[in-house]
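Listed here are the chains, written in short residue letters.
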Amino acid sequence: MIDSLQSAVSVLSGWSIAWLAFEWLLRIAAVFVMPRNRPPTAGLTWLTLTFLIPPLGWAIFLVLGSSKLPSHRRHIQKHLDILFKRISLTRTAYPEQFPQKYVDTATLAWSLAHLPVETAQDVKLYTDYQESFAAIAEAIHAAHETVHIEYYIFILDAETQPVFDAIEQAARRGVTVRVVYDAYGALKHLRQWRAGMKLLKQWGVQTQASLPLRLPFRGYTRPDLRNHRKIVIVDEQIGFTGSQNVVARSYHRRDHIVYDDLVMRVTGDIVKQLDVVFAADWMSENGERIITLNIARIKPEIPSCRIYSVLDCSIKSILSTKCASHPRRAKRS
């Protein structure tokens, strides 16, 4: 009996030592891995959690710690960035040539997106949901070749019905319609999203989920890394972008909170860039190349002052919307 107890204690002691060594190995590894390329506060938070509970800290870090997209997406984006840089080199407009208050923004766009600041021939702003949906629907009704749509939330409800009606008629006319939607954003309104997707498939619309949720180690993407783009491009001639999703203004909340957003309708060279962004996301998800960039088509010119006045107008429009009479959440997508 005593021998059996001694044997059991010996085995447990051996496992305890091995587990203790394993935990310290995790702690030491964390010191070299977790703070890398992170703000000091974020690195310290990861280290604190891992030093307290090493297995749990590493498990959470492996799921949420990497801000990188899957390797195949990074590979595609690398080649797209090279192409975008070639486009930028054909331009004569550089950030230092802009009015001083826009230099920082232009420099950031140039360095991160590798696309030059472009001109807009015509710009119109919408602050009303129904008006913006009507404008988008009108543009789609006039489409002859392609309609490209990309949104974080893209669902069918009473307010978005005009957009879906326009898509149906365009598809029946033979227009190529492609829709990219965020895989997680769709889950927030599952019933309305399913209804919309069912109709789109019936009409022959090409749909593609962006950043689908997958298990770790096989095309895994952090669940909180989402595609928040909100753009529409019609025949590479008319573009829409802004902060508004394709969903009712109330976002189907059960309280009385509604949202005010800004949508910009643009024509001119800037529309080509919006289409490039859509094509890059489309290609990143399914590998299909849907447009060919012709550098010669992109005219080298300094952005006109009109675009700067539009930016000022955008800020004034946001401040002048009826937010005071309609409560709204401070943060959303």
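Reading the values: the criteria
Residues numbered from 1 in each chain as written. Predicted model: local features only at pLDDT ≥ 70, side-chain atom pairs only at ≥ 80, totals over all residues. Heavy atoms only, no water. Pairing = 2+ DSSP bridges. Helix = DSSP H or I, 4+ residues; strand = E, 2+ residues; numbered from the N terminus. Axes fitted to C-alpha atoms, helices over the stretch in contact; angles between N-to-C directions. Contact = heavy atoms within 4.5 Å. Salt bridge = Lys/Arg side-chain N within 4 Å of Asp/Glu carboxyl O. Buried < 20%, exposed > 50% of the residue type's maximum accessible area, 1.4 Å probe, protein only. Parallel < 35°, antiparallel > 145°, perpendicular 65-115°, else oblique. Nonpolar A, V, L, I, M, F, W, Y, C, P; charged D, E, K, R; others polar. pLDDT = per-residue confidence, 0-100. Core = buried A, V, L, I, M, F, W, Y, C linked by side-chain atoms within 4.5 Å. Patch = residues over 30% accessible without salt bridge, like charges linked within 9 Å, V, L, I, M, F, W, Y side chains within 5 Å. Areas by Shrake-Rupley, 256 points an atom, 1.4 Å probe, with all protein chains shown as cover. Lys, Arg positive; Asp, Glu negative; His and termini not counted. Polar contact = N/O pair within 3.5 Å; in protein donor to acceptor, adjacent residues only side chain to side chain. Left-handed = near helix turned anticlockwise from the far one by under 90°.

1. Concerning the sheet that holds strand S3 (residues 176–182)
- Taking strand neighbours across the sheet as the criterion, the seven strands line up as S1-S7-S6-S5-S2-S3-S4 in an open arrangement whose pairing is mixed. Only two strands of the sheet have a single neighbouring strand rather than two, namely strand S1 (122–126) and strand S4 (206–210). Adjacent strand axes in the sheet meet at a mean angle of 10°, parallel and antiparallel pairs treated alike.
- Bridging between strand S5 (residues 230–234) and strand S6 (residues 238–242) involves four bridges; their strand directions are antiparallel. Of the residues in S6, the one forming a bridge with valine 232 is phenylalanine 240.
- Relative to S6, helix H6 (residues 129–141) is tilted by about 155°, and along the sheet it contacts S1, strand S2 (146–151), S5, S6 and strand S7 (263–267).

2. Let's talk about the pattern of salt bridges
- Tallied over the entire structure, the rule returns eight salt bridges.
- One salt bridge connects arginine 172 with glutamate 168, and the closest N-O pair in it is separated by 2.9 Å. Note that arginine 172 and glutamate 168 are positioned in helix H7 (residues 161–172) at a spacing of four residues, about one turn of the helix.
- On the basis of relative accessible area, arginine 172 is assigned to the exposed category, the value being 62%.
- Looking at glutamate 168, the relative accessible area reads 23%, which means it is partly exposed.

3. Focus: the packing of H6 against H7
- It is the contact of H6 with H7, at a shortest axis distance of 8 Å, that shows an interaxial angle of 5°. Classified by the angle their axes make, H6 and H7 are roughly parallel. Touching Phe133, Ile136, Ala137, Ile140 and His141 of H6 are Pro162, Val163, Ala166, Ile167, Gln169 and Ala170, all from H7.
- Its residues assigned to classes, the contact of H6 with H7 shows nine nonpolar, two polar and no charged.

4. Observations concerning the confidence of the model for the protein chain
- Per-chain confidence: the protein chain averages 79 in pLDDT, with 75% of residues scoring 70 or above.
- This stretch, residues 294–331, has a pLDDT under 50; its non-local contacts, to residues over four places away or in other chains, come to 65 contacts.

5. Re the nonpolar core
- Formed by 45 residues in total, the largest nonpolar core has its most connected members in Ile140, Ile149, Phe154, Ile167, Leu200 and Phe240.
- Breaking this core down by element, the ones donating at least two residues are H6, S2, H7, S3, helix H8 (183–187), helix H9 (190–202), S5 and S6.
- Residues within four places of phenylalanine 240 in sequence aside, it is in contact with Tyr126, Ala135, Ile136, Ala139, Lys230, Ile231, Val232, Val263, Met264, Arg265 and Leu274.
- Formed by 13 residues, the second largest nonpolar core is a distinct cluster that contains Ala120, Leu274, Ala279 and Ile290.

6. Regarding a nonpolar patch on the surface
- Taken together, Leu20, Trp24, Ile28, Val31, Phe32, Val33 and Phe51 make up a surface patch of nonpolar side chains, about 660 Å² in accessible area.
- Among the elements that line the nonpolar patch, the one with the most residues is helix H1 (residues 2–33), at six residues.
- Assessed through its relative accessible area of 46%, isoleucine 28 is described here as partly exposed.

7. A closer look at the side chain of lysine 230
- Tracing the chain through its elements places lysine 230 in strand S5.
- Salt bridges are absent for the buried lysine 230, whose nearest opposite-charge side chain, aspartate 261, sits at 7.4 Å.
- Separated by 2.9 Å, the side chain of lysine 230 and the backbone oxygen of histidine 228 make a polar contact.

8. Description of the pairing of S5
- Burial within S5 is extensive, with five of its five residues counted as buried.
- Note: S2 against S5, five bridges, orientation antiparallel. Note that in S5 the partner of tyrosine 151 across the bridge is lysine 230.
- Between the end of S5 and the start of S6, which pair antiparallel, lie three residues, with aspartate 235 showing a positive phi angle near 55°.

9. Focus: unusual backbone geometry
- The phi dihedral of aspartate 235 is positive, around 55°, even though this residue is not glycine.
- Examined against the element boundaries, aspartate 235 turns out to sit in the loop between S5 and S6.

10. Brief notes about the packing of helix H2 (residues 40–52) against helix H3 (residues 54–64)
- Contact geometry of H2 with H3 gives a least axis separation of 5 Å together with a crossing angle of 140°. As judged from the angle between their axes, H2 and H3 are oblique. Handedness of the H2/H3 crossing: right-handed. Side by side, H2 and H3 meet where Trp46, Leu49, Thr50, Phe51 and Leu52 of the first sit next to Pro54, Gly57, Trp58, Ile60, Phe61 and Leu64 of the second.
- Grouping the amino acids of the contact of H2 with H3 by side-chain chemistry returns nine nonpolar, two polar and no charged.

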